[in-house]
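Examining the three-dimensional arrangement
As a plain string of letters, each chain reads:
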Amino acid sequence: MVNGQVKRAFRYRFYPSGAQAAELSRTFGCVRKVYNLALQARAEAWTLRGERVGYESTSALLTAWKRTEDLAFLAEVSSVPLQQALRHLQTGFRNFFARRARFPRFKSRKKSRASAEYTRSAFRWRDGELMLAKMAEPLDIRWSRPLPEGAKPSTVTVTRDSAGRWFVSLLCEDSGVRPLPATDAAVGIDVGLDHLLVLSTGEKIGNPRHERRDRTALAKAQRALCRKQKGSGNRVKARVKVARIHAWIADRRTDSLHKVTTRLVRETQTLVIEDLTVSNMVGNHRLARAINDAGWRQFRQQLQYKATWYGRDVIVVDRWFPSSKLCSVCGALAAEMPLHVRIWTCGCGATHDRDVNAARNILTAGLAASVCGAGVRPQRNPPGGQSATKQKTLWREL
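A quick note: this is a predicted structure, and the numbers were derived from the prediction, not measured.

**With respect to the packing of helix α1 (residues 18-49) against helix α2 (residues 55-66)**
Following both chains from N to C, one finds α1 and α2 inclined at 125°, their axes separated by 10 Å at the closest point. By the angle between their directions, the pair α1 and α2 is classed as oblique. Pair α1 / α2 crosses with right-handed handedness. Contact residues: Val34, Leu37, Ala38, Ala41 and Arg42 in α1; Tyr55, Thr58, Leu61, Leu62 and Trp65 in α2. Residues of the contact of α1 with α2, tallied by class, amount to eight nonpolar, one polar and one charged.

Structure (structure tokens):
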């Protein structure tokens, strides 16, 4: 947030004409080709010659590629999305060398997202109409919500998802985002599968289980896809049908999480959550489907950026903190906590709901960490300890 302004991406669906769809499809292919060629050139330069190739060098290579007979088609599309692909690759290498991400991977025609990014020199925004480079008419956009008053897009990203839907994302500066009035409210949040969220206030937010609701239709569509001959038109239609069901599930999940996170941020000043390694937990194939359906990673991402926008605080408690075994009243640590125990009584006489007690301990630990200015001290995780117990508990909830 700079000078009270936030850069926000406003995403809309649009319906391209035949000529626009063909032009954008060519652009997607060229973007993918340039990205892969630049990645190959940079990887070979480093592994074979020990040279580090940056954006400027790959940009010069792009000019040379356009002059060759085999890659002359790269000059037929707008050059801006191709240059942006090189910049994205540069960012990927920068994150890799800073150990924030894995080594950049090649883009697959079937698996990678089809997208192209246009900067201001490659599009025209006038009177609510968007005209992209190399196109003779504006895009037919469905304006589901208005842009901020006086906003002018700085970049435009066009995407086509696996279900064949077209979207345009306009990055604008929004001055309408203001910090909310400060409050004294604080809440600890424990995520789960039986209940999506359990709050330290005792409230339990149910898990909608969006994927489970459409599991029968999805399985039927997937079986139909498997019966289609590879390379046939019917297989393409069947694949799109499967992708549409996945898209409906993802849209409902995103909408549900937006409603929950927005409500929490509006009502609470300090939000304390647990640092779960979702990428590791989905390695358990018995839990992966349910965890992905719950959308824990997406929940945390939404909570953190909305908290930044509206002046709230998000505190993350260490993943090894034994929140379920601690008594939130006296602080005693239970030696054992069998998985079937959902309500237990401490030696001090306090009776706890397992999940509510965990949320209260998470809140207490997070507030203590914020006061002393440090995170919760990590604890050693013995074999079969907190991490394994968490997964077993979730498996029981399924």
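**Looking at the sheet that holds strand β12 (residues 313-317)**
Across the sheet, which stays open at both edges, the five strands sit in the order β10-β9-β8-β11-β12 with mixed pairing between neighbours. Single-partner strands in this sheet number two, and they are β10 (204-206) and β12. Direction aside, the axes of adjacent strands within the sheet are offset by 25° on average. Alignment of strand β8 (residues 186-191) against strand β11 (residues 270-274), held across three bridges, turns out to be parallel. Counted as the bridge partner of valine 187 is leucine 271 from β11. Across the sheet, helix α6 (residues 233-267) touches β8, β9 (195-199), β10 and β11, and the angle it forms with β9 is around 5°. Here helix α9 (residues 296-309) sits on the sheet and contacts β8, β9, β11 and β12; the angle it forms with β12, its principal contact strand, is near 140°.

**Considerations on the UniProt feature "domain: Transposase putative helix-turn-helix" (unreviewed entry) in the chain**
As recorded in UniProt, the sites labelled "domain: Transposase putative helix-turn-helix" (unreviewed entry) are residues 6-50. Between the first and last C-alpha atoms of residues 6-50 the distance is 41 Å; the span itself is 71% helix and 20% strand.

**Quick word on the nonpolar core**
Counting residues in hydrophobic clusters, the biggest one holds 43 residues, and the most contacted among them are Leu24, Leu132, Val158 and Val168. Mapped by element, the contributors of at least two residues to this core are β1 (6-14), α1, α2, α3 (79-97), β2 (114-119), β4 (129-132), β6 (155-160) and β7 (166-174). Examining the composition of this core, we find that 10 residues originate from one element, α1, more than from any other. Not counting chain neighbours up to four residues away, the residues in contact with valine 168 comprise Phe10, Arg11, Tyr12, Phe14, Leu130, Ile141, Val156, Thr157 and Val158.

**Some remarks on the pairing of β7**
Counting buried positions along β7 gives seven out of nine residues, so the element sits mostly inside the fold. Alignment of β1 against β7, held across nine bridges, turns out to be antiparallel. The partner of arginine 11 across the bridge, within β7, is serine 169. Where β6 meets β7, six bridges bridge the pair, whose relative direction is antiparallel. Within β7, the position partnered with threonine 159 by the bridge is phenylalanine 167. In this antiparallel pair of consecutive strands, β6 and β7, the connection spans five residues, and glycine 164 shows a positive phi of 85°.

**Observations concerning the environment of valine 278**
By the secondary structure assignment, valine 278 is in helix α7 (residues 278-281). Here valine 278 falls in the buried class, since its relative accessible area comes to 10%. Separated by 19 residues in sequence, valine 278 and arginine 297 have C-alpha atoms that sit 6.8 Å apart. Sequence-distant contacts of valine 278, that is, excluding residues within four places in its chain, are made with Ile291, Trp296 and Arg297.

**Focus on the packing of α1 against α3**
Two numbers describe how α1 lies on α3: the axes approach to 9 Å, and their chain directions differ by 40°. By the angle between their axes, α1 is oblique relative to α3. For the element pair α1 and α3, the recorded crossing hand is right-handed. Every residue of α3 that contacts α1 at Thr27, Cys30, Val31, Val34, Tyr35, Ala38, Leu39 and Arg42 is listed here: Pro81, Leu82, Ala85, Leu86, Leu89, Gln90 and Phe93. Residue composition of the contact of α1 with α3, by class: 12 nonpolar, two polar and one charged.

**Considering the packing of aromatic side chains**
One pair of aromatic rings is described through two measures. These are the centre distance and the angle between the planes. Within this structure, the stated rule accounts for 10 aromatic pairs. Here the aromatic cluster, defined as three or more aromatic residues joined through ring pairs, consists of Phe93, Phe96, Phe97 and Phe103. Here the basic side chain of arginine 42 rests over the ring of phenylalanine 93, its NZ or CZ set 4.1 Å away from the ring centre. Cation over ring: arginine 52 sits above phenylalanine 97, and NZ or CZ is 4.4 Å from the ring centre.

**Considering the sheet that holds β1**
With antiparallel pairing, the five strands of this open sheet are ordered in space as β2-β6-β7-β1-β5. Each end of this open sheet is capped by a strand with a single partner; those strands are β2 and β5 (141-142).

**Some words on the environment of leucine 225**
Note that leucine 225 resides in helix α5 (residues 215-227). Linking leucine 225 and lysine 237, residues 12 residues apart in sequence, is a C-alpha distance of 8.6 Å. Discounting residues that sit within four places of it in the chain, leucine 225 has contacts with Arg235, Ala238, Arg239 and Val242.

Criteria and cut-off values
- Residues numbered from 1 in each chain as written.
- Predicted model: local features only at pLDDT ≥ 70, side-chain atom pairs only at ≥ 80, totals over all residues.
- Heavy atoms only, no water.
- Axes fitted to C-alpha atoms, helices over the stretch in contact; angles between N-to-C directions.
- Helix = DSSP H or I, 4+ residues; strand = E, 2+ residues; numbered from the N terminus.
- Parallel < 35°, antiparallel > 145°, perpendicular 65-115°, else oblique.
- Left-handed = near helix turned anticlockwise from the far one by under 90°.
- Contact = heavy atoms within 4.5 Å.
- Nonpolar A, V, L, I, M, F, W, Y, C, P; charged D, E, K, R; others polar.
- Pairing = 2+ DSSP bridges.
- UniProt positions renumbered as here; feature names shortened; annotations may be inferred.
- Core = buried A, V, L, I, M, F, W, Y, C linked by side-chain atoms within 4.5 Å.
- Buried < 20%, exposed > 50% of the residue type's maximum accessible area, 1.4 Å probe, protein only.
- Phe/Tyr/Trp six-rings, centres within 6.5 Å; stacked < 30°, edge-to-face > 60°.
- Lys NZ or Arg CZ within 6 Å of the ring centre and 35° of its normal.

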